[in-house]
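Below, each chain spelled out in residue letters.
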Amino acid sequence: MPHSFGTRARTRDMFSKKFRQHGPIKLSQYLMAVKVGDYVDIFADPSIHKGMPYKHYHGRTGIVFNLTKASVGIRVNKYVNGRIIEKRIHVRIEHVRKSKCQKEILSRIVSNEKTKAEAAKTGVKVNLKRTPKLPNEGYFIKPGDGAELTTIQPLPFSDLL
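Residues numbered from 1 in each chain as written. Predicted model: local features only at pLDDT ≥ 70, side-chain atom pairs only at ≥ 80, totals over all residues. Heavy atoms only, no water.

Named according to an unreviewed UniProt entry, the protein chain is 60S ribosomal protein L21 originating from Triparma strigata. Entered under Sequence similarities (unreviewed entry) in the UniProt record, the comment concerning the protein chain runs "Belongs to the eukaryotic ribosomal protein eL21 family." (UniProt positions renumbered as here; feature names shortened; annotations may be inferred.)

Pasting the structure below:
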């Protein structure tokens, strides 16, 4: 018997609530303040079937472009046949979360502005670029008192045949 190709095919785990997360939606979800231009994560709530996004968009991040009475219009990038297309979908507010993808960038901007202001006061040049974690510096081990150093050499190759 061939398997189905429905809109909710193979979503057994995707559209199921986590352990001890069942029950009605909190009112704060409906009262969530969303503005045009905000980054949001599309996260389908399986207990509400109305306005649920298609399974491909579950877990994707997009930008709000429209607000209606009960739903949010979101621009999402979709990879199709080797190219990225910008899709515009409308999803109910229950299936949307505020994204934390910009949190680190915005905090870095604030800290950079502070350091720039301090550098302007003191006249010191400051590097604001992020640097990767550098490898540990090399060091020499000093032998303890009474310890002798032994040099280990590999055994020469000998053919057993």
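So that's the structure; there's more coming.
**Q** Could you give an account of the pattern of salt bridges, with specific residues and numbers?
**A** The full count for this structure, using the stated rule, is six salt bridges. Note that R75 is salt-bridged to E86, the shortest N-O span being 3.3 Å. Here E86 lies in strand β4 (residues 83–92) and R75 lies in strand β3 (residues 71–80), a separation of eleven residues in the sequence. Given a relative accessible area of 28%, R75 falls into the partly exposed group. E86 gets classed as partly exposed once you look at its relative accessible area, which sits at 41%. (Salt bridge = Lys/Arg side-chain N within 4 Å of Asp/Glu carboxyl O. Helix = DSSP H or I, 4+ residues; strand = E, 2+ residues; numbered from the N terminus. Buried < 20%, exposed > 50% of the residue type's maximum accessible area, 1.4 Å probe, protein only.)

**Q** Can you explain the environment of K69? Please cite residues and give values.
**A** Secondary-structure assignment places K69 in the loop between β2 (61–67) and β3. Taking the C-alpha atoms as reference points, K69 and R92, separated by 23 residues in sequence, lie 9.4 Å from one another.

**Q** Kindly report on the side chain of K78, identifying the contributing residues and their values.
**A** Among the structural elements, K78 can be located in strand β3. Nearest to the buried, unbridged K78 among oppositely charged side chains is E86, at 14 Å. (Lys, Arg positive; Asp, Glu negative; His and termini not counted.)

**Q** Tell me about the pairing of strand β1 (residues 39–42), and name the residues and values.
**A** With burial as the criterion, only one face of β1 is covered, namely that bearing V40 and I42; the residues Y39 and D41 on the opposite face remain uncovered. As paired elements, β1 and β2 share three bridges and run antiparallel to each other. Bridging from a neighbouring strand, D41 pairs with T61 of β2. Inspection of the sheet shows β1 paired to strand β5 (residues 96–98) by three bridges, in the antiparallel sense. From the neighbouring strand, I42 faces β5, where its bridge partner is V96. (Pairing = 2+ DSSP bridges.)

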